Structures are given as C-alpha cells and as structure tokens.
Amino acid sequence: PDRSPLVPDQNQQLAVEYQGRVLLIKAGPGTGKTRTLTKRIARLIERKTAQPSQVLALTFTNQAAKEMKNRLASLIGEQANRITISTIHGFAYQLIRDAAAPEQLSIIDERAKMALLWETAGEMSAAGKDAPSKSRLKKISALIGKTKNYLIGPGELCATGESAKVLMEMYRRYQARLDREKCLDFDDLIFNAVKILSRPESASPIRDRFRFIFIDEYQDLDFGQHQLVKLLTGEQGTLCVIGDPDQAIYGFRGASPEFFLKFQQDWPESETIELTKCFRSSDQILAAAQQALGRGRENQLRSGRSGPNSRIIELPTERAEAEFVVHETEKLVGGTGFFSFDSDRVKSAPVQKEIGFGDIAVLFRTGAQAPLLAEAFARSGIPFQVLSESPLQSKFFRLGLWLIQILSQTAPPLLIRLALLEIFPSEKNIPADPSGLELWLEPRADSDPAKSLLALVRGSGRLSAKEICDRVFSLAPAEPDELWEKEMVRELVLDLIQRQAEQAGIRTPAEIWETLKLATAQDFYDPRADRVSLLTIHSAKGLEFEVVFIVGVEEGLIPFARSGRELNEEQRLFYVALTRSKNLLYLLSAKKRAIYGTLSEPKPSRFLNPVDPSLLDRLKPEPYPLKPKSRQPGLFEK
C-alpha cells in the first residue's frame, strides 16, 4: 500500500518534476523512495518525454522489482507492461543470453562452484602443479569472486608470490572449465555484461533502446555494477538513481557507498535532491536511530508524528530474552501490550492500535540466534515465519534447483552429474544430457529415489508448479538431524511457488527455474501472512512493521565487527534495524549468552551510548513460567 499522502511533499515533487539529464535522490528510510521513483517514471511518460519501451528500471531484489511494477501499473495502466523492470543481475543475464544466442548458458551456484574448483584442484595436482587443499577452496572461491567484481580476468592477473601463482592458475583453469561446460557463475553476470557494453557495436543498440535509466538502492553498487551503469548511460542517456548511503550494509559482498558519495564526480552536471520527510517511523524512533548512527541531536529525518519511546531491557540469558519476546507478543496481540510495562519511567503516550501477528518482527544479527526464538514461538503456538539467507545456502535448496533445471531440459552436464551423484552417490556412469535421463533411470526404478525421479521426468507436464516442487524438494537424501532443514526449505519454496502460480501463472519446470535461479532471501517473505516474522537484519532491509524487537543488542553481535570500515557498516546496519519499526521498538540484550558453543557475558552495545536517555524507557524483567514443550519444533513451524 502507498503510505505517502496523495500530494507528495515538496522535495518528492521536485524529484518527480526534475527535467535535467542526471539526478541523484538521497532517500532516507520511509521517505517514499519507491513512490518517488515510480511517480517520476510515470511523469516522464505522461509528458511524452519518454516512451515506456525506452525506460529501464533496475533494483537489487525481485520483491522490489515486483513492487515497482505494481506501482507503475496503478499509475499508467497497461503502458507499465512495456517498461523493462528487473534486478541488476537479471538484466545482466538477459544481456548475456541475447548476445550468446542460440548458445544455452547456465548459471551455477556456490555449491556447484565449489565442486568445480575441487575438480580443478585435482587437475592441477595430476599435472604436477601445486594445488590448494580442500580447506583453502572457500578462500580461493571468494578471491576469484572479488577479482571478477573488479572486472579482472584470469589473463590480467600478475602473480608475485607462491600463493598468488596458485590463485592465478586456479582462476585460469576454473574459468576454462566454465567455458567448456557453457556455464557462468554468479560473479560472471555483471563481468560479462560489462564486456558486452564495452564493445561499441553491441553497446550502441542497447543504449538506443534504453534512454531513460533508473537505479534503485544505488548505495549497494559494487565496482563492476558501477561500471555497468556508467557504460549503460553513456554520454547521452538520462539517469536517475535513488538510495541512502546511511543504509549501505553489503560491504561483505563488495558493495560500497563510495559510488553514491562520488556521484557528482562521475556526473558533474547532476542535481541532488534529498527526501527528509519520513512516512514510516515516529519522531522518537527517528531521533534514536539518527543518534545511534552518530548524527548527534540534529535530526534531519522527521515524520512529524509522535509515538512511544523505545523500550530497552536486559534479560538474564538468551533463553529469557526469547521468552520475553513471546510474552510481549501475546500481550500486544491481546490488546494490552502498550499498558503492561513495569517501567521506571514510561513517559511517552501509548499507541491505540490493533496489532496482529503480521505486524510484529523480531530482528537478529546472525542466523545462529534464530533456532532459540523459533523454539519459543513454536512452544507458545504463535504463528511465525523465519527469513534469513540460510535457505538459499542450504544444500537442499541447491539440489532442488538443479533437479528443476534438469526437468526443464536446460541443465548442463556438470549440474546433471552433481545432482545425480547427490541422490545416487555410488553410481559411476552419469548421463551427460537431460534427454538421456529417462533411459538411465529405467533399470534403476526399483529404488524409491529413481522411481520418483523417473515419474517426474515422464509426468511433470501434467503437474502443477506446486506439485512439481513438492516432489522435487522431497527427493534429497537427509540425515536425521537434517530433516528440519530439508522441511524448512521445502515449505519456503512451496509457499513462494504457490504465490507465483497465483500471481504470475507459472506452471512448467522452466518457469519454476526462472523464478528460483536468482532468488534472494526476501523473495521467500510472505507479507500477506498473519505470522510473526523472525528475520536477520539484512533480510529485513526494505520491510517495515508496527512493532519491532531487536534481540542481542550487545557487543559481539551488534556490532559483530570491532573496528574500521566493518564497524561503520555495523553501525549502519543497526540504523536499518531501528528504522524498520513504525511505532514501537524493543531493544533487548542478555547478561549471559551462549552462541557458537561459547558462553559469554557481553556488554550492552556501544551504539546505544550516543542515544539520549529521554528517548528510552528501561523495563525491568519479570519472571515468566516456561511453557511445556510438547514436541520438538522445527525451525520453520507455523
């Protein structure tokens, strides 16, 4: 829903009506970023300045792209269908596919990349060369990824030490294997798109088509993506970017706010417009958030709406912390939550608003904090959903994705081999082509996995998208202690695919694969569900809730890093967490916490030190009876 008023504020209107070639919009949390961007696109089309087919809008998540499409459809009707709206990686992949046609190129994931690197190391060893051990492969993988993000090919590396020579040789051989397998890894997408746009003969028709370029979340660009935007815009293109350097939280992926901050150096003729009217959070939350960011008492971002102070509480242990969240949730949804605090100083006015489970989020810094929270919610019977990066990294998600691609008849030999060896580890002769799979499975159909896969190969055309995924994501072998993870992944995928089947009509394995191949954690979030959301802070970016609990607001978690650029990013991450809340914010910490197998006695987070105490209400912990545990809950139970 559009939270902004029918008439935008003055700065929004300036951004919508701006008629120059290059525009930078600095948009703090809740300032109507998507609304401003879509209104500007609609205005250009209404004025006949741009044709819909000339507009390209790039985002970082499928969820953001979908919201942009919906907003534009409500503004300009069917003309929105002719606008190209995509994630930046999805657009890069389309450029590569168009340039490579009719050659079929497949994207391999991190798990397949590691398998290929291990095979590459084996080839080096067999050739009598120094090869990295298996324990070093993860670091090698990260270094190759970083090198590609800086647009450096294997032939452009200079090696001086032995380790560098090993990296150079691994990179060279690994890239050659990718080429032979007709595969790309994720980091190849931007790199290859930049190569295409660096050739005048291929860049010219792309620039002629997309004359009006819009980039969302510009602060999240890395070096390669920044080069892609510059090449795409060229000397004549019209560019509008929007974002907030205070919300730059993806440095671990190579992203940097420096490209936002030096935008005027890249485009000296550009104009900058800042949006400072917030339509989400109360002024109390905004003041606390900006002070935690180190902005002092001069708060640029305001909503003009008062609300309750943030609640801060220290619990004895992480288990008591989880129980407190559950009990406060019960009180909030029961209608008594804003009046039941045993507080030394509750000065702020209560908010009279009916709260549902879907209005509440619990944010945490690392996925390791999720199981205890999920267990507490499952014990209470409160419906919830867990959202973190972990499902995308799960071997069960990756195997399911490989099998979907095999059913779509587009899987390269590498993925066929990896997928079948996961299910049939003792097999030696694996078919190299999807068309030979049925013949290979027939003599093995006495086993349940082969029988199930054979039925899918023969009958997927008669099944719905949800039925295909249900069967595919049930195929993976799992140890007893992995069953919860397998079930979590299956439920997340089924939920997403069911929504996509209803909204976009997807049905075939090829359409399912297109949906899942570049999925992000936010794609699995269902905003319609009346469930409490348990989220990592990174996964919560772009979302908002009436009530937010932030757990683990203590040294060692928030911040997770201790110095330098990483500490600055941790501070911005806390700012993002605080500004997910519209009305009520809880900040929780534990005197003692066991995490990663270690018991510690952490101090409260240093990020709370600059916050004016008058913006915080300190609560005293109350003893809560532990509810009986009738069964062992999974991580993703409702």
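Remember, predicted model here, so these are calculated numbers, not experimental data. (Residues numbered from 1 in each chain as written. Predicted model: local features only at pLDDT ≥ 70, side-chain atom pairs only at ≥ 80, totals over all residues. Heavy atoms only, no water.)

Trainee: Requested: an account of the packing of helix α6 (residues 137–149) against helix α8 (residues 186–197), with residues and values cited.
Mentor: Two elements in contact, α6 and α8, have axes separated by 9 Å at closest approach and are oriented at 20°. The angle between α6 and α8 falls in the class roughly parallel. The way α6 lies across α8 gives a crossing that is left-handed. Mapping the contact onto sequence places G145, K148 and N149 in α6 and D187, D188 and F191 in α8. (Axes fitted to C-alpha atoms, helices over the stretch in contact; angles between N-to-C directions. Helix = DSSP H or I, 4+ residues; strand = E, 2+ residues; numbered from the N terminus. Parallel < 35°, antiparallel > 145°, perpendicular 65-115°, else oblique. Left-handed = near helix turned anticlockwise from the far one by under 90°. Contact = heavy atoms within 4.5 Å.)

Trainee: Hey, could you go over the layout of surface pockets for me, with residue numbers and the actual values?
Mentor: Reported here for the second largest pocket is a volume of approximately 1,000 Å³. If you trace the second largest pocket, you find 36 residues lining it, with N62, K69, I85, S86 and E514 closest to the centre. Taken together, the elements giving at least two residues each to the lining of the second largest pocket come down to α3 (62–76), β3 (84–87), α4 (88–100), α9 (200–209), α22 (483–504) and α23 (509–516). With eight residues, the single largest contributor to the lining of the second largest pocket is α4. (1 Å grid on protein atoms, 1.4 Å probe; cavity = no way out; pocket = protein on both sides within 12 Å on 5 of 7 lines; lining within 4 Å. Points joined across faces, edges and corners; volume = space filled by probe spheres on them.)

Trainee: Go over the nonpolar core, please, and point to the residues and values.
Mentor: Core analysis: the biggest nonpolar cluster contains 144 residues, and Y218, I550, F574 and L587 have the highest contact counts within it. Each residue touching F574, except ones within four places of it in the same chain, is listed here: A292, I550, V553, I558, L587, F607 and L608. Within the second largest apolar cluster, 30 residues are counted, among which are L315, F357, A370 and I382. (Core = buried A, V, L, I, M, F, W, Y, C linked by side-chain atoms within 4.5 Å. Buried < 20%, exposed > 50% of the residue type's maximum accessible area, 1.4 Å probe, protein only.)

Trainee: Could you give me a rundown of the pattern of salt bridges, with the residues and numbers involved?
Mentor: If you walk through the whole model with that rule in mind, you get 53 salt bridges. Put simply, E46 and R43 hold a salt bridge, and the shortest N to O gap is 3.9 Å. Taken together, the positions of E46 and R43, both in helix α2 (residues 33–46) and three residues apart, correspond to about one turn of that helix. For E46, a relative accessible area of 47% corresponds to the partly exposed category. Among the charged side chains, a salt-bridge network with shared partners connects D495, R499, E502, D526, R528 and R531. (Salt bridge = Lys/Arg side-chain N within 4 Å of Asp/Glu carboxyl O.)

Trainee: With reference to specific residues and values, describe the confidence of the model for the protein.
Mentor: Mean pLDDT for the protein: 90, with 92% of residues reaching 70 or above. Under a pLDDT of 50 for its full length, residues 336–351 has, in the predicted model, 40 contacts with residues more than four places off or in other chains. Segment residues 630–638: pLDDT under 50, and 23 contacts once partners within four positions in sequence are set aside and those in other chains are kept. (pLDDT = per-residue confidence, 0-100.)

Trainee: Give me the environment of E323: which residues, what numbers.
Mentor: By the element assignment, E323 lies in helix α14 (residues 318–333). Sequence-wise, E323 and L557 are 234 residues apart; in three dimensions their C-alpha atoms are separated by 19 Å. Within the structure, the side chain of E323 is placed 2.9 Å from the side chain of R379, a separation counted as a polar contact. (Polar contact = N/O pair within 3.5 Å; in protein donor to acceptor, adjacent residues only side chain to side chain.)

Trainee: Please provide a residue-by-residue account of the pairing of β3, values included.
Mentor: By the alternation rule, side chains of β3 split into T84 and S86 and I85 and T87, which are all buried. Pairing analysis gives four bridges linking strand β2 (residues 55–59) to β3, with the strands arranged parallel. In the strand pairing of β3, L56 is matched with T84. With respect to chirality, the unit in which β2 leads through α3 into the neighbouring parallel β3 is right-handed. (Pairing = 2+ DSSP bridges. Right-handed = clockwise from strand over helix to strand, strands pointing away.)

Trainee: Describe the pairing of strand β14 (residues 581–595), naming the residues involved and giving the relevant values.
Mentor: Taking burial as the measure, the 15 residues of β14 include eleven buried ones, the bulk of the element. Pairing analysis gives six bridges linking strand β9 (residues 310–317) to β14, with the strands arranged parallel. By the bridge assignment for β14, L315 is matched with A590. In this structure, strand β13 (residues 545–550) lies alongside β14, joined through five bridges in parallel fashion. By the bridge assignment for β14, I550 is matched with L587. Across three bridges, β14 lies against strand β15 (residues 598–600) in antiparallel orientation. Looking at β15, one finds that I595 is bridged to T598. Counting the residues in the hairpin turn of β14 and β15 gives two residues, including Y596, whose phi is positive at 55°.

Trainee: Describe the packing of aromatic side chains, and please don't skip the residues or the numbers.
Mentor: Tallying each qualifying case throughout the model produces 14 aromatic pairs. Summarising the aromatic geometry, the rings of F91 and F210 are spaced 5.8 Å apart at their centres and angled 75° between planes, so their arrangement reads as edge-to-face. Of this pair, F91 sits in helix α4 while F210 sits in the loop between α9 and β6 (212–215), placing them 119 residues apart in sequence. Using a relative accessible area of 5% as the deciding quantity, one classes F91 as buried. Exposure remark for F210: the relative accessible area of 4% places this residue in the buried category. Of note, K134 hangs over the ring of W118, and the distance from its end group to the ring centre comes to 4.9 Å. (Phe/Tyr/Trp six-rings, centres within 6.5 Å; stacked < 30°, edge-to-face > 60°. Lys NZ or Arg CZ within 6 Å of the ring centre and 35° of its normal.)

Trainee: An account of α14 is needed here, citing residue identities and associated values.
Mentor: Counted at 1.5 Å a residue, the expected span for α14 with its 16 residues is 22 Å, and the 23 Å between its end C-alpha atoms agrees. Most of α14 sits inside the fold, with twelve of its 16 residues counted as buried. All of the buried residues in α14 are E318, E321, A322, E323, F324, V325, V326, H327, E328, T329, K331 and L332. For α14, the secondary structure elements touched by its buried residues are β9, β10 (360–364), α15 (370–380), β12 (532–536), β13 and β14. Backbone nitrogen of R319 and a side-chain oxygen of the N-cap are separated by 3.3 Å at the start of α14; the cap is T317. (Expected span 1.5 Å × (residues − 1).)

Trainee: Account for unusual backbone geometry, with residues named and values stated.
Mentor: Residue I558 is joined to P559 through a cis peptide bond whose omega torsion reads 10°. Residue position: P559 is located in the loop between β13 and α25 (564–578). Of note, the phi angle at K48 is positive, near 65°, even though the residue is not glycine. For K48, the position within the fold is in the loop between α2 and β2.

Trainee: How would you sum up the environment of L421? Please name residues and give values.
Mentor: Note on placement: L421 falls in helix α18 (residues 413–423). Note on L421: relative accessible area 32%, which makes it partly exposed. Taking the C-alpha atoms as reference, L421 lies 25 Å from A142; in sequence the two are 279 residues apart. The residues touching L421, leaving out its near neighbours within four places in the chain, are E427 and I430.

Trainee: Explain the sheet that holds strand β8 (residues 271–275) to me, and be specific about the residues and the numbers.
Mentor: If you walk across this open sheet you meet the six strands as β3-β2-β6-β7-β1-β8, and the pairing is parallel. The sheet is open, and its two edges are formed by β3 and β8, each paired on a single side. If you compare each strand with its neighbour and ignore which way they point, the axes differ by 15° on average. Sheet topology places β6 next to strand β7 (residues 238–243); four bridges connect them, and they run parallel. Bridge assignment links F214 to a residue of β7, and that residue is C240. The strands touched by α4 within the sheet are β2 and β3, with β3 carrying the most contacts at an inclination of about 110°.

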